[in-house]
Amino acid sequence: MLQDELILIEKARQGDAPAFEELVIAYQDKVFNICRYMLGPDDAEDAAQDSFVKAYKNLDRFTPSPGFSAWITRIAINTCLDYKRKPSHLPLAGKSQDGDEYEHEHASPGPGPEAMLLSKQSAEEVALAVGRLSDKLRAVLVLCDIEGLSYTEAADALGISMGTIKSRLSRAREELRRLLGHTREHI
Amino acid sequence: MNCKRAGELFAGHVDGVLGESEKEALKAHLDSCRSCAAAVEGQRHASVLARSAPRFAAPKGFSTRLMREIRELDGAPGLFGWLWAMPPHMKLLEAAAIALVVFMGVHSVGFLSERISGGQSMAVNGEASLVASMSAEYLDPVPPESLADMYLTAGENGNEN
């Protein structure tokens, strides 16, 4: 937890909106990325906005121990799950990915030479395959492999045990490999 | 270690977060189980693929739109929203400027009151004063000896012609 963040949070608690805006700018890509993978392109921005609004309204409940990163991640995941429960929400699979803009950066350290060889098209295939995972598996995979959270941070964010994180991550990777193998067989 | 227990350790093994005892036990199992060894390699490959997934950046103007919504939630008036958005030291300056304007206003009123009360005392003394010049009693709409005065005087006497 950065000391600067604690100062910003304290200022934001006292109604200093520009201080909260600094936190938003620091975490907007992370929150949007999570929402984008969890909900798809249509609801991602609304869910990300709602996540920050919830955080702002509940700043008094924030405690420094998990840190702002884990806290806002948990809020974002819960917001996405709320969106999923809405009857109007459409499943991610089958939605067009056209027109999406994304950064070719990776939060997790050391993707290795194999990953460096993956073309943009391959990255899009992976994004599509991640979108086809079940919500539970996708949440763990997005947090651990795409956002680079530790098992402990992911467990805090999702409110599940470390053991569950490990088993879901294993299953998510197996499923992803199966989906990508299936996709590539048909190219 | 059996295959089920080994499977629970695959993710930790791939991510390099296993403890020494777990690492050794798993290694011993993988040396004797080709199926699990292949599964671990599959996990490693999938992990690399997952980490190659693109990261989506927030759309342009995201924070601006969000902060507008938050300021509306705070109930700050739209027209003067910038006043509420000021940092604390600017708000202090703002308060000081308002206090200065109020002080100057009060001071000006006091000064005028002094002048007025001073004028009244001078009027008592029969001298021209600010109050005397402003008083309605001293206003004469028809100056004496003027044409209008003569007309009015004639009218009162019933001799308009």
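Every value quoted in this text rests on a predicted model; they were computed, and no experiment measured them.

Remarks on the overall build of chain B
Then, in step 1: Looking only at helices and strands, chain B features eight helices and zero strands.
Then, in step 2: Helices and strands appear in chain B in the N-to-C order α-α-α-α-α-α-α-α.
Then, in step 3: When the 161 residues of chain B are sorted by exposure, 25% land in the buried category.
Then, in step 4: A sequence separation of at least 24 residues applies to 36% of the contacts in chain B between residues at least 6 apart.

Some details on the interface of chain B and chain A
Then, in step 1: Residue-level contacts link 37 residues of chain B with 51 residues of chain A.
Then, in step 2: A buried area of about 4200 Å², summed over both sides, lies between chain B and chain A, and 61% of it is on carbon and sulfur atoms.
Then, in step 3: For the chain B face of the interface with chain A, the top three residues by lost area are Arg51(B), Arg55(B) and Phe56(B), together amounting to 22%.
Then, in step 4: At the junction of chain B with chain A, the criterion picks out four salt bridges.

Let's talk about the nonpolar core
Then, in step 1: Of all hydrophobic cores here, the largest spans 68 residues; its most connected members are Phe20(A) and Phe52(A).
Then, in step 2: With 13 residues, the top contributor of residues to this core is helix H2 (residues 17-39) of chain A.
Then, in step 3: Ala6(B), Phe10(B), Cys33(B) and Cys36(B) belong to the second-largest nonpolar core, a separate cluster that totals nine residues.

Thoughts on a nonpolar patch on the surface
Then, in step 1: Together, Ile98(B), Val102(B) and Val106(B) line one region of the surface with nonpolar side chains, adding up to about 290 Å² of accessible area.
Then, in step 2: Among the structural elements, Ile98(B) can be located in helix H6 (residues 88-124).

Quick word on the state of the cysteines
Residue and element names in this part refer to chain B.
Then, in step 1: If you walk through the whole model with that rule in mind, you get zero disulfides over all chains.
Then, in step 2: The thiol of cysteine 3 is unpaired, and the distance to the nearest cysteine sulfur, on cysteine 36, comes to 3.7 Å.
Then, in step 3: Cysteine 3 gets classed as partly exposed once you look at its relative accessible area, which sits at 42%.
Then, in step 4: Cysteine 33 provides the cysteine sulfur closest to cysteine 36, a residue in no disulfide bond, and the two sulfurs are 3.6 Å apart.
Then, in step 5: Residue classification places cysteine 36 among the buried residues on the basis of a relative accessible area of 6%.

Here's the deal with the confidence of the model for chain A
Fine structural detail should not be taken from predicted coordinates in areas where pLDDT scores are low.
Residues and elements named next belong to chain A.
Then, in step 1: Looking at chain A as a whole, its pLDDT mean stands at 81, while 77% of the residues score no less than 70.
Then, in step 2: For chain A, the element scoring lowest by mean pLDDT is helix H5 (residues 112-116), at 50; helix H7 (residues 135-146) scores highest, at 94.
Then, in step 3: Scored below 50 in pLDDT, residues 91-102 shows 25 contacts in the model against residues more than four places distant or in partner chains.
Then, in step 4: Counted against residues more than four places away or in other chains, residues 106-111, with its pLDDT under 50, gives 17 contacts.

Examining the packing of aromatic side chains
Then, in step 1: According to the stated counting rule, one finds seven aromatic pairs over all chains in the structure shown.
Then, in step 2: Relative to Phe62(B), the ring of Phe52(A) has its centre 6.0 Å away and its plane inclined at 65°; by these criteria the two rings are edge-to-face. Highlighted residues: Phe52(A) in helix H3 (residues 44-57) and Phe62(B) in helix H4 (residues 62-74), drawn from two different chains. Here Phe52(A) and Phe62(B) have matching classes, each one buried.
Then, in step 3: Pairing Phe62(A) with Trp71(A) gives two aromatic rings, centres 5.2 Å apart and planes at 65°, and the pair type is edge-to-face.
Then, in step 4: Among the residues examined, Phe62(A) registers a relative accessible area of 4% and is labelled buried.
Then, in step 5: Taking the relative accessible area as the measure of exposure, Trp71(A) reaches 15% and is therefore buried.
Then, in step 6: Grouped by ring-pair contacts, the aromatic residues Tyr27(A), Phe62(A), Phe68(A) and Trp71(A) constitute a single cluster.

Reading the values: the criteria
- Residues numbered from 1 in each chain as written.
- Chains lettered and ligands numbered in written order.
- Predicted model: local features only at pLDDT ≥ 70, side-chain atom pairs only at ≥ 80, totals over all residues.
- Heavy atoms only, no water.
- Helix = DSSP H or I, 4+ residues; strand = E, 2+ residues; numbered from the N terminus.
- Buried < 20%, exposed > 50% of the residue type's maximum accessible area, 1.4 Å probe, protein only.
- Contact = heavy atoms within 4.5 Å.
- Buried area = accessible area lost by both parts, 1.4 Å probe.
- Salt bridge = Lys/Arg side-chain N within 4 Å of Asp/Glu carboxyl O.
- Core = buried A, V, L, I, M, F, W, Y, C linked by side-chain atoms within 4.5 Å.
- Patch = residues over 30% accessible without salt bridge, like charges linked within 9 Å, V, L, I, M, F, W, Y side chains within 5 Å.
- Areas by Shrake-Rupley, 256 points an atom, 1.4 Å probe, with all protein chains shown as cover.
- Disulfide = S-S within 2.5 Å.
- pLDDT = per-residue confidence, 0-100.
- Phe/Tyr/Trp six-rings, centres within 6.5 Å; stacked < 30°, edge-to-face > 60°.

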